[in-house]
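Chains, contacts and geometry: an overview
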Amino acid sequence: MAEHRYEEVLRHLRSEGRVAVTTLAAGLSVSEETVRRDLAELERRGLLRRVHGGAVPPRLDQEQPLIERGKHNMRGKAKAGEVAQTLLSDGMSIFIDTGTTTLAFARQIIGKNITVTTNSLDIALLLGQSLPRVNLTPGTLRTKDNALVGYETIAYVGRYFYDMAFMGIGGCDIALGWMDYEEHESTLRQALRGRARRRVMLADFGKFDRQAYLKTFGLEEPLTLVCDRPPPLRFQQEFAQHEVDILHP
């Protein structure tokens, strides 16, 4: 019975990005104390990380390859992409950085009358035949996610100004802020902060209560946050104190 519960907990975690003790107890028809013991065992096995009131995916020292990350919460990322595309108007010039949620967003803008600049080969190939213009940054190819990264990428971004910059993120921690796994992403996103009229962060629910390696922005960073559903309440309360607009279905 315990192994069956473990499988159910992990199934919900993969689907939702976070699980709550109270919800699991009701769904599994067991006590909250039983659920807490289950979460402790799964944490011991390295399959999740306990947080206040529940659990989130384990912290990874390195981010998974794009093809693996793309398998997680596909529906949620598609929902975030659908919401994000409503921000666009004809004739805009936007930047889209690399990531699974930004790729889901790119799928929603095929055929739109906008100009896109990106450091993602996948996004450039997806949009290249359907948009008026697609610009690809220079840089060194990182094969795990087909991204162009490095000093040339940052220098190129610094030469232009965009109506909007659509950014992914590695994780969001209530104490540490918006976080990334590699310096390339963190530096690029910091550079985009000053090169766009509006910064749009695309983050599915699984990114919250998740630590990465580098702090990219504090939670007070002014931006538009697009999610597949509302962030956890404590994040909403923190964002409400700053210039952070939250959009979700």
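Right, let's walk through the structure included here. Counting restarts for each chain: residues are numbered from 1 in the order of the written sequence. The predicted nature of this model means local features are confined to residues of pLDDT at least 70 and side-chain atom pairs, given and counted, to a pLDDT of 80 or more, with totals for whole chains, interfaces and linings taken over all residues. Derived side-chain values reflect all non-hydrogen atoms in the structure, with water molecules and hydrogen atoms excluded from consideration.

A word on the overall build of the protein chain. Of the regular secondary structure elements, the protein chain holds ten helices and 15 strands. Each of the three principal axes of the protein chain carries a C-alpha extent, and together these read 55 × 40 × 30 Å. When a residue's accessible area, from a 1.4 Å probe over protein chains only, is under 20% of the maximum for its type it is buried; when over 50% it is exposed; and in between it is partly exposed. In the protein chain, buried positions account for 50% of the 249 residues. Any pair of residues with heavy atoms lying within 4.5 Å of one another is described as a contacting pair. When contacts within the protein chain are restricted to residue pairs at least 6 apart in sequence, long-range pairs at least 24 apart make up 59% of them. With residues, only the protein chains shown are counted as cover, and all accessible areas are computed by Shrake-Rupley using a 1.4 Å probe. Here the protein chain has roughly 11900 Å² of accessible surface; of this, 49% comes from carbon and sulfur atoms. Within the protein chain, the 32 negative side-chain charges are centred at a point lying 1 Å from the centre of the 33 positive side-chain charges. Secondary structure counts use DSSP, requiring at least four H or I residues in a row for a helix and at least two E residues in a row for a strand, with both numbered from the N terminus. Only four residue types enter the charge count: Lys and Arg as positive, Asp and Glu as negative, with His and the chain ends excluded. A single reference atom marks each charge: NZ on Lys, CZ on Arg, CG on Asp, CD on Glu.

This brings us to the sheet that holds strand β3 (residues 54-56). When DSSP finds two or more bridges between two strands, those strands count as paired. The strand order β1-β3-β2 describes an open sheet built from three strands, whose pairing is antiparallel. A single partner strand is all that each edge strand has here, and the edge strands are β1 (19-20) and β2 (49-51). Direction of pairing for β2 relative to β3: antiparallel, over a ladder of three bridges. Counted as the bridge partner of V51 is G54 from β3.

Moving on: the packing of aromatic side chains. Centre distance within 6.5 Å is the pairing criterion for rings of Phe, Tyr and Trp, where only the six-membered ring of Trp is used; planes under 30 degrees apart are then read as stacked, over 60 as edge-to-face, and the remainder as tilted. Here the structure, examined in full by the defined rule, presents eight aromatic pairs. One aromatic cluster is present, built from ring pairs that chain together W178, F205, F208, F235 and F239. The ring of F205 carries the charged tip of R229 above its face, separated from the ring centre by 3.8 Å. Lysine NZ or arginine CZ positioned within 6 Å of the ring centre and within 35 degrees of the ring normal marks a charge as sitting over the ring.

Inspection of the secondary structure assignment puts R75 in helix α5 (residues 74-85). Sequence spacing of R75 and A104 is 29 residues, and the spatial spacing of their C-alpha atoms is 9.5 Å.

Our focus in this paragraph is the pattern of salt bridges. Note that side chains of opposite charge can pair when their charged atoms are close. Here, a salt bridge means any side-chain nitrogen of Lys or Arg that lies within 4 Å of a carboxyl oxygen of Asp or Glu. Enumeration over the complete set of coordinates arrives at 15 salt bridges. R50 serves as the salt-bridge partner of E43, at 2.8 Å between the closest nitrogen and oxygen. Overall, E43 belongs to the partly exposed group, its relative accessible area being 27%. When its relative accessible area of 43% is taken as the criterion, R50 is described as partly exposed. Across the pair D180 and R189 runs a salt bridge whose closest N-O atoms are separated by 2.3 Å.

Read from one edge of the open sheet, seven strands run β6-β5-β4-β9-β12-β14-β15, paired in parallel fashion. Across the chains shown, the open sheet's two edge strands, defined by having one partner strand only, are β6 (133-136) and β15 (244-247). Strand-to-strand twist of the sheet, defined as the mean angle between neighbouring strand axes without regard to direction, takes the value 20°. Where strand β5 (residues 115-118) meets β6, four bridges bridge the pair, whose relative direction is parallel. The residue of β6 that forms the bridge with V116 is V134. Axis definition: a line fit to C-alpha positions, over the contact stretch in the case of helices; interaxial angles, taken between N-to-C directions, run 0 to 180 degrees.

To continue, consider unusual backbone geometry. With a phi close to 60°, S29 is a non-glycine residue in the positive phi region. One can find S29 in the loop between α2 (21-28) and α3 (32-44). Although it is not a glycine, D209 sits at a positive phi angle of roughly 60°. In this fold, D209 is placed in the loop between β12 (196-202) and β13 (214-217). On the accessibility criterion, D209 (7% relative accessible area) is buried.

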